[in-house]
Amino acid sequence: ITVLTPIFRKRSNRSLIPGLIISCNSITPITFSPLAAKITHKIDGYSLCDEDDLLETLESISDDEQAYEEVLSVIQSISTIRKGKKRRPTNKANSKGSILKTLEDSIANLDNLQGKAVIETVEGVQRIRGLAGSGKTIVLALKAAYLHAQHPDWKIAVTFHTRALKGQFRRLINTFCIEQTLEEPDWENIDVINSWGAARTSDRNGIYYTFCKLSGVEYLDLKAAKARFRGDELSNICKVALEQAPQIEPIYDAILVDEAQDLSASFLNICYRLLKDPKRLVYAYDELQNLGGASLPPPEDIFGTDTSGRPLVSFAPQSERKPTQDIILEKCYRNSRPVLATAHALGFGIYREPDKGQTTGLIQMFDQRDLWLDVGYKVISGELDDNKNVCLTRTEESSPSFLENHSEISELIQFYHFNTPAEQDDWLANQIEMNLYGKTQTFNCRINY
């Protein structure tokens with residue numbers, strides 16, 4: 001077996017991959033064979049090794065960190081995806097636009113957990129969790145493209161809460177498929193559709209609408225749902241549809257759900273009903289989007305039990321020999337450590353003075369204390385337990401330092417006080433104008449509350 005490793009020696013100036021030129025570097029081939037020790041005919045300059053000396057062989061090669069990162073980004077197609085974005089040129093080195101460009105250029109590759117989430121496919125339900133900015137959306141897009149490339153005959157659906165994501169998903173899937181297969185995806189077998197959906201045009205199709213159409217149950221649009229339920233509309237209409245629907249013929253081989261924290265358990269059950277066996281459902285959500293606790297209940301509670309009382313879905317302990325069912329993306333690439341820690345401190349009321357008769361000023365808290373560790377914090381003193389004092393911090397592994405090193409903390413975090421909502425709106429509109437054009441104009445923005 002010949003393995004082309006992304007490790008480089010200085011040799012000659014050549015193009016490694018079409019469209020990418022690494023100066024004075026080339027790929028070093030390493031041949032791995034269980035019988036390497038018994039092979040007598042070897043060629044100088046070409047490594048031949050087995051399990052006993054593979055690690056030693058790899059460590060003996062002087063690597064080039066920059067070349068490694070650049071080639072890896074091309075292999076993963078991330079560099080091409082980022083180049084697809086249109087950017088205005090930046091003229092000032094210290095401008096916000098230049099800082100944003102530097103930050104985006106720093107995030108060239110998928111990290112190990114992101115790559116794991118893309119490649120590992122569970123024959124059943126898989127959950128991907130992470131904070132906002134941990135890469136859940138791009139992971140799902142790449143996973144959809146990967147599954148389509150591996151199984152072009154599968155019918156795959158990608159769904160989400162925010163309709164604006166539709167164009168982004170289609171662009172990412174299209175780019176990745178072209179990079180890996182040199183062909184555009186077969187859009188007949190990939191549905192990028194809304195969670196709710198409506199009739200009239202295929203562009204407005206959705207998971208809920210598809211389920212109603214297949215099962216023959218009443219479809220409710222937003223207006224009708226609001227009139228009937230007055231809150232939690234999508235969750236309630238999905239519950240009603242599930243209760244009324246007969247057994248239906250599943251139509252999808254895999255469904256990928258983004259922004260699941262904004263959807264509901266009943267919506268995930270509709271996805272589950274639309275899937276053929278072995279029910280390949282991947283749902284991703286932000287563990288801290290709603291600070292009152294876990295955004296979604298455990299899979300045993302979401303999907304219920306069979307006729308024997310056994311959970312239809314439960315996550316087995318992680319095994320090296322099986323794909324991971326529950327992946328946590330702990331690294332956050334969008335928000336810096338000071339911003340995240342401050343937001344969580346304010347959201348939970350950690351430094352709030354307790355009201356009279358109370359022992360703590362906390363407004364809310366996780367139901368499971370280990371979630372703090374899952375989302376990238378670590379204990380530096382005290383004990384993470386009920387009624388105990390503890391000091392937590394985000395690590396550089398979970399919050400890369402380049403997200404905060406570009407500016408003083410006084411620029412990253414600023415506090416403003418407004419007497420009225422209208423005053424706040426005026427300030428916000430002026431700040432947007434300042435960011436876009438470098439100057440402030442007078443706005444009189446009024447919103448009825």
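Refer to the preceding data block for the structure.
Residues numbered from 1 in each chain as written. Predicted model: local features only at pLDDT ≥ 70, side-chain atom pairs only at ≥ 80, totals over all residues. Heavy atoms only, no water.

Caption draft 1: Main features of the nonpolar core. In this structure, Tyr-208, Ile-255, Val-257, Leu-281, Tyr-283 and Phe-303 are the most contacted members of the largest nonpolar core, which totals 37 residues. For this core, the secondary-structure elements that each account for two or more residues are helix H8 (207–215), helix H10 (233–244), strand S9 (252–257), helix H11 (265–273), strand S10 (275–285) and helix H12 (299–303). For this core, the element with the most residues is H11, which contributes 5 residues. Setting aside its immediate chain neighbours within four residues, Ile-255 contacts Ala-157, Thr-159, Cys-271, Leu-274, Leu-275, Arg-280, Leu-281 and Val-282. (Core = buried A, V, L, I, M, F, W, Y, C linked by side-chain atoms within 4.5 Å. Buried < 20%, exposed > 50% of the residue type's maximum accessible area, 1.4 Å probe, protein only. Helix = DSSP H or I, 4+ residues; strand = E, 2+ residues; numbered from the N terminus. Contact = heavy atoms within 4.5 Å.)

Caption draft 2: Local environment of unusual backbone geometry. Following Asp-277, the chain continues to Pro-278 via a peptide bond in cis, the omega torsion being 15°. Relative to the helices and strands, Pro-278 resides in strand S10. Residue Arg-230 is not a glycine yet carries a positive backbone phi of 55°. When you line up the elements, Arg-230 lands in the loop between helix H9 (222–229) and H10. With a phi angle near 60°, Asn-387 is a residue other than glycine that sits in the positive phi range. Mapped onto the elements, Asn-387 comes out in the loop between strand S12 (377–382) and strand S13 (390–394).

Caption draft 3: Layout of helix H5 (residues 112–119). Looking only at H5, the buried set comprises Gln-114, Gly-115, Ala-117 and Val-118. Relative to the axis of H5, the buried residues are bounded by an arc of 160° and lie together on one face. The inward-facing, buried residues of H5 contact strand S6 (125–130), helix H6 (136–150) and strand S11 (326–329). (Arc of directions from axis to C-beta.)

Caption draft 4: Here's a closer look at the pairing of strand S7 (residues 156–160). With 5 of 5 residues buried, S7 is to be regarded as a mostly interior element. Residues Ile-156, Val-158 and Phe-160 of S7 are buried on one face, and the alternating residues Ala-157 and Thr-159, pointing to the opposite face, are buried as well. Relative to strand S8 (residues 190–194), S7 runs parallel, the two sharing 5 bridges. By the bridge assignment, Ala-157 is partnered in S8 with Asp-191. Once you follow S7 into helix H7 (residues 165–181) and on to S8, the crossover reads as right-handed. Sheet topology note: the S7/S9 ladder contains 4 bridges and is parallel. The residue bridging Ala-157 from the neighbouring strand is Ile-255, located in S9. (Pairing = 2+ DSSP bridges. Right-handed = clockwise from strand over helix to strand, strands pointing away.)

The quantities given are spatial measurements derived from coordinates; they are silent on function.
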